[in-house]
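# Descriptive structure summary
Each chain, letter by letter, is given below.
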Amino acid sequence: AILYLTVQQCYRMRANDPQLQISSNICDRLSRGQPAGNLFNGDSLDIARTQSTFGVLFDPSGQPIQSTGLLNGKMPHLPSGVFAFTQDKGEDRISWQPERGVRIAMVIQQVSAPGIGFVGIGRSLKDVEERIQNLGWMVLICWLISIGVVIVNAIFQLKKTISALSN
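Now for a quick tour of the structure. Quick caveat: nothing in here was measured; it's all calculated off a predicted structure. (Residues numbered from 1 in each chain as written. Predicted model: local features only at pLDDT ≥ 70, side-chain atom pairs only at ≥ 80, totals over all residues. Heavy atoms only, no water.)

To continue, consider the sheet that holds strand β2 (residues 54–58). The strand order across the open sheet formed by five strands is β3-β2-β7-β6-β5, and the pairing between neighbours is antiparallel. Looking at strand neighbours, the two that pair on one side only are β3 (64–67) and β5 (91–99), the edges of this open sheet. Adjacent strand axes in the sheet meet at a mean angle of 30° when their direction is disregarded. Pairing geometry for β2 and β3, over three bridges, is antiparallel. (Pairing = 2+ DSSP bridges. Helix = DSSP H or I, 4+ residues; strand = E, 2+ residues; numbered from the N terminus. Axes fitted to C-alpha atoms, helices over the stretch in contact; angles between N-to-C directions.)

Below, the structure written as structure tokens:
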């Protein structure tokens, strides 16, 4: 159980690494006065289907104003509590499930730039959750094999003890 929890937590925490780097870079650029329009290039992604990283700029009240990721054709809206926490701490790292079957690892950072209050960078947890599920199966199989070895050894020792007592 300890091995499983340790590796599972490593998998989950590492799921935030790209988002942390990207959001820090974007916050730095915005703080230095770079226009928001130059930060996000390319088409909008459907966050329910893509494994790619997406970004969202939020106004100071937490409303999305620009996004490279869309959910059902709309920019993602996070719960208001996320922004309250981020305002207090400067950063938040969340697992967000906007709808059934869609889980996102998201990093939200507060930024001081005109008209922009927060930067959110997210990506799907699908690959990470598959790795965690595979880890669970591997740990279960190893545990069952270990229990089998213990039982076989106990039977062998019991037969050995009975044999020694009968002689």
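Counting residues in each nonpolar core, the largest one holds 15 residues, and the members touching the most others are L78, I94, W96, I104, M106 and I108. Counting residues per element, the ones that place at least two in this core are β2, α3 (80–89), β5 and β6 (102–113). Per-element tally for this core: the top contributor is β6, with four residues. Setting aside residues no more than four positions away along its own chain, I108 makes contact with L78, V82, F83, T86, G90, E91, D92, I94, F118, V119 and G120. Counting 12 residues, the second largest nonpolar core, distinct from the first, contains L30, A113, V119 and I121. (Core = buried A, V, L, I, M, F, W, Y, C linked by side-chain atoms within 4.5 Å. Buried < 20%, exposed > 50% of the residue type's maximum accessible area, 1.4 Å probe, protein only. Contact = heavy atoms within 4.5 Å.)

A few words now on the pattern of salt bridges. Inspection of the entire model under this criterion finds five salt bridges. When the shortest N-O distance is used, the salt bridge between R93 and E91 registers 2.8 Å. Between E129 and R103 there is a salt bridge, with its nearest N and O atoms 2.3 Å apart. Separated by 26 residues along the polypeptide, E129 in helix α4 (residues 126–166) and R103 in strand β6 bring together distant segments of the chain. Owing to a relative accessible area of 31%, E129 belongs among the partly exposed residues under this scheme. (Salt bridge = Lys/Arg side-chain N within 4 Å of Asp/Glu carboxyl O.)

As a further point, take the side chain of S67. Residue placement: S67 occurs in strand β3. Exposure remark for S67: the relative accessible area of 13% places this residue in the buried category. Within the local environment of S67, its side chain forms a polar contact with the backbone oxygen of G69, the two atoms lying 2.6 Å apart. Setting aside residues up to four positions removed in sequence, S67 forms contacts with S44, G55, V56, M75 and P76. (Polar contact = N/O pair within 3.5 Å; in protein donor to acceptor, adjacent residues only side chain to side chain.)

Quick look at the side chain of S23 now. Assignment of secondary structure puts S23 in helix α2 (residues 17–31). Apart from the residues within four sequence positions on either side, S23 is in contact with V107, Q109, V119 and I121.

What follows deals with the pairing of β5. Look at any regular strand and the pattern is simple: side chains alternate between the two faces of the sheet. In terms of strand pairing, β5 meets β6 through seven bridges, oriented antiparallel. Residue pairing for β6: R93 is matched across the bridge by V107. Linking β5 to β6, which pair antiparallel, is a turn of two residues; within it G101 sits at a positive phi near 85°.

With that out of the way, let us pick up the packing of helix α1 (residues 2–14) against α4. In contact at an axis separation of 10 Å, α1 and α4 are set at 170° when each is read in the N-to-C sense. Taken together, the axes of α1 and α4 lie roughly antiparallel to each other. For the pair α1 and α4, the contacting residues are Y4, V7, Q8, Y11 and R12 in the first and V128, R131, I132, L135, G136 and V139 in the second. (Parallel < 35°, antiparallel > 145°, perpendicular 65-115°, else oblique.)

By the definition in use, this model includes two aromatic pairs. Relative to F118, the ring of F83 has its centre 4.9 Å away and its plane inclined at 55°; by these criteria the two rings are tilted. You can see F83 sitting in helix α3 and its partner F118 sitting in strand β7 (residues 116–124), a full 35 residues away along the chain. Comparing F83 with F118 shows no difference in burial state: the two are buried. (Phe/Tyr/Trp six-rings, centres within 6.5 Å; stacked < 30°, edge-to-face > 60°.)

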